[in-house]
Amino acid sequence: APLIAETGGLNAMIVDSTALPEQAVRDIVVSAFQSAGQRCSALRVLYLQEDIAPEFLTMLHGAMDELMLGDPWRIDTDVGPVIDAIARNKIVGHIEKARSEGRVLKQVRQPSHGYFVPPTVLSVRSISELVEEIFGPVLHVALFGAEELDRVIHEVNATGFGLTFGMHSRIDDRVEYVTKNIHCGNVYINRNQIGAIVGSQPFGGEGLSGTGPKAGGPHYLPRFVKPDQTEISQESSNLVDASLVQRHLNGIEAEKRALTRRSLPGPTGESNRHAIYGRGVILCCGPGREVALKQAKTAQQHGCATLCIADGIKDGEGINGCLDTEALTNLDGFDGIISFADASQLLGMRQALACRDGKIIPLICEDDIAERCITERHVCIDTTAAGGNASLLVAAS
């Protein structure tokens, strides 16, 4: 059966010194605390430019004081309880550990009974200090300098998660740079980062946050169809040494280029762009040279970098021999594997891939491999926050 997974994330937001503070604070409160922070898309880590941090945090803390905690059935309630006692105890334990280290910046009052966790702001140096997602109304704040944007991008990408990401900035070039380099399925600019709209914002992450395709996107429905699949039996005693494969992978880097972009419908004052990228580095395992080279050609046409590993591969084409399936458990630096081997060989590959730590690596074995060689990213921009939508002015004239 096909697997389509959308999991959680360590979702981050960057707020730089050009952001509109009132709008950024509003969107942070919604992203971090609405639904008591129990959303897969919820904001977990705020990277705040240090130049504006004191005044900005004062405004954020004031906005938090206005939140009403209580029965979610009441229309005046802003934040309800978390799901159960187990969740509450885990989240409170995380907060109390931070309190013992002097890292609690703000916490609001809570009702005297029920599974409530008061919206809380904690200080951290980096997103890397979080070893897992804290699934509740807890916002972690890290400061960064104006010249440290690349560091922030690297730290966010290094988590391995990639579900939602937010940014508040009025500098178009900076927004373009960040959206190009962040590894994330859904990016939100100058707005909150929860509540994706069907038809406008196809939803789903990458890395540890999902397998694709995006729910509500153009590639979603075909994934439920049982594909045609060719099995090629080929025995080989020429197993390739895993260290040789790793050395080849260390020298391969996939390009960061959108294959296609298209605008999706949305409300006035909002831009929604859906883009297709190559999945990354793909192992093309045939079986056999001819099949492996065809697999590589298709993958390359869809933006992927490839490494062919099959019997008969010549110098300069890849690695001659058969990939040892057990090596798939520990190899690093690839994002998918294509093989048309028989069912027993594919079973061994699946078992090895399932033993891996980190993101889910797909085994692509259907005849039409093109759809599996791509990933989707969506960027939603509130154009009103940066001075308006120029396309509306053109249309009006």
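Residues numbered from 1 in each chain as written. Predicted model: local features only at pLDDT ≥ 70, side-chain atom pairs only at ≥ 80, totals over all residues. Heavy atoms only, no water.

On to the overall build of the protein, then. From N to C terminus, the protein includes nine helices and 17 strands. Relative to the 2.2 N^0.38 estimate, which gives 21 Å for 397 residues, the radius of gyration of the protein is 23 Å and therefore close to what a compact globule would have. In terms of overall dimensions, the protein has C-alpha extents of about 70 × 60 × 40 Å along its principal axes. Counting every position in the protein, which comprises 397 residues, the buried fraction comes to 51%. (Helix = DSSP H or I, 4+ residues; strand = E, 2+ residues; numbered from the N terminus. Rg over C-alpha atoms; globule rule 2.2 N^0.38 Å. Buried < 20%, exposed > 50% of the residue type's maximum accessible area, 1.4 Å probe, protein only.)

With that settled, consider the pairing of strand β17 (residues 374-382). Burial runs high along β17: nine of the nine residues are buried. Residues Ile374, Glu376, His378, Cys380 and Asp382 line one face of β17 and the alternating positions Thr375, Arg377, Val379 and Ile381 line the opposite face, and both faces are buried. Summarising the sheet, strand β7 (residues 186-189) and β17 pair through four bridges and their orientation is parallel. Following the sheet pairing, Asn186 is matched in β17 by His378. (Pairing = 2+ DSSP bridges.)

One finds Val15, Ile28, Phe33, Leu46, Leu60 and Leu139 to be the most contacted residues of the largest nonpolar core, which totals 35 residues. With residues near it in sequence (within four places) discarded, Ile28 still touches Met13, Val15, Phe33, Leu43, Leu46, Phe56, Leu60 and Leu139. Counting 25 residues, the second-largest nonpolar core is a separate cluster that includes Ala254, Ile309, Leu323 and Ala327. (Core = buried A, V, L, I, M, F, W, Y, C linked by side-chain atoms within 4.5 Å. Contact = heavy atoms within 4.5 Å.)

Turning our attention to the sheet that holds strand β6 (residues 164-168). Here we have ten strands laid out as an open sheet, ordered β3-β4-β5-β2-β1-β6-β7-β17-β10-β9, and mixed in their pairing. The open sheet is flanked by β3 (104-107) and β9 (258-263), the only strands paired with a single partner. Each neighbouring strand pair of the sheet contributes to a mean axis angle of 20 degrees, computed without reference to strand direction. Summarising the sheet, strand β1 (residues 12-15) and β6 pair through four bridges and their orientation is parallel. The residue bridging Val15 from the neighbouring strand is His168, located in β6. Where helix α4 (residues 149-158) meets the sheet, it contacts β1, β2 (45-49), β5 (138-144) and β6, and its direction lies at approximately 145 degrees from that of β5. (Axes fitted to C-alpha atoms, helices over the stretch in contact; angles between N-to-C directions.)

This part takes up the pattern of salt bridges. Taken as a whole and assessed by the stated rule, the structure comprises 19 salt bridges. Ionic pairing is found between Asp76 and Arg74, a salt bridge with its closest N-O pair at 3.2 Å. Because the salt bridges share partners, they merge into one network encompassing Lys97, Glu101 and Arg103. (Salt bridge = Lys/Arg side-chain N within 4 Å of Asp/Glu carboxyl O.)

Before going further, it helps to examine the packing of aromatic side chains. This model, assessed by the stated rule, comprises one aromatic pair. Judged by centre distance (5.2 Å) and plane angle (85 degrees), the rings of Tyr220 and Phe224 are edge-to-face. Over the ring of Tyr277 we find Arg377; its NZ or CZ atom is 4.8 Å from the centre of that ring. (Phe/Tyr/Trp six-rings, centres within 6.5 Å; stacked < 30°, edge-to-face > 60°. Lys NZ or Arg CZ within 6 Å of the ring centre and 35° of its normal.)

Looking now at the pairing of strand β10 (residues 270-278). Where a strand is regular, its side chains alternate between the two sheet faces. The buried count for β10 comes to seven of nine residues, which makes it a mostly enclosed element. Where β9 lies against β10, five bridges are found, and the strand directions are antiparallel. Among the inter-strand pairings, Ser263 is bridged to a residue of β10, identified as Arg273. The hairpin turn running from β9 into β10, its antiparallel successor, is six residues long, and Gly269 in that turn takes a positive phi close to 90 degrees. Bridge count for β10 against β17 is nine bridges, and the pairing is antiparallel. Within β17, the position partnered with Arg273 by the bridge is Val379.

On the surface, Asp228, Asp367, Asp368 and Glu371 cluster together to form a negatively charged patch. Positionally, Asp368 belongs in the loop between β16 (363-364) and β17. Judged by its relative accessible area of 51%, Asp368 is exposed. (Patch = residues over 30% accessible without salt bridge, like charges linked within 9 Å, V, L, I, M, F, W, Y side chains within 5 Å. Areas by Shrake-Rupley, 256 points an atom, 1.4 Å probe, with all protein chains shown as cover. Lys, Arg positive; Asp, Glu negative; His and termini not counted. Charge placed at Lys NZ, Arg CZ, Asp CG, Glu CD.)

Our next topic: helix α1 (residues 21-33). In a regular helix each residue adds 1.5 Å, so 13 residues correspond to 18 Å; α1 covers 18 Å between its end C-alpha atoms and thus fits that length. Listed as buried for α1 are Gln23, Ala24, Val25, Asp27, Ile28, Val29, Ser31, Ala32 and Phe33. Taken from the residues just after α1, Ser35 is the one with a positive phi, measuring 60 degrees. (Expected span 1.5 Å × (residues − 1).)

In short, geometric facts, not functional conclusions.
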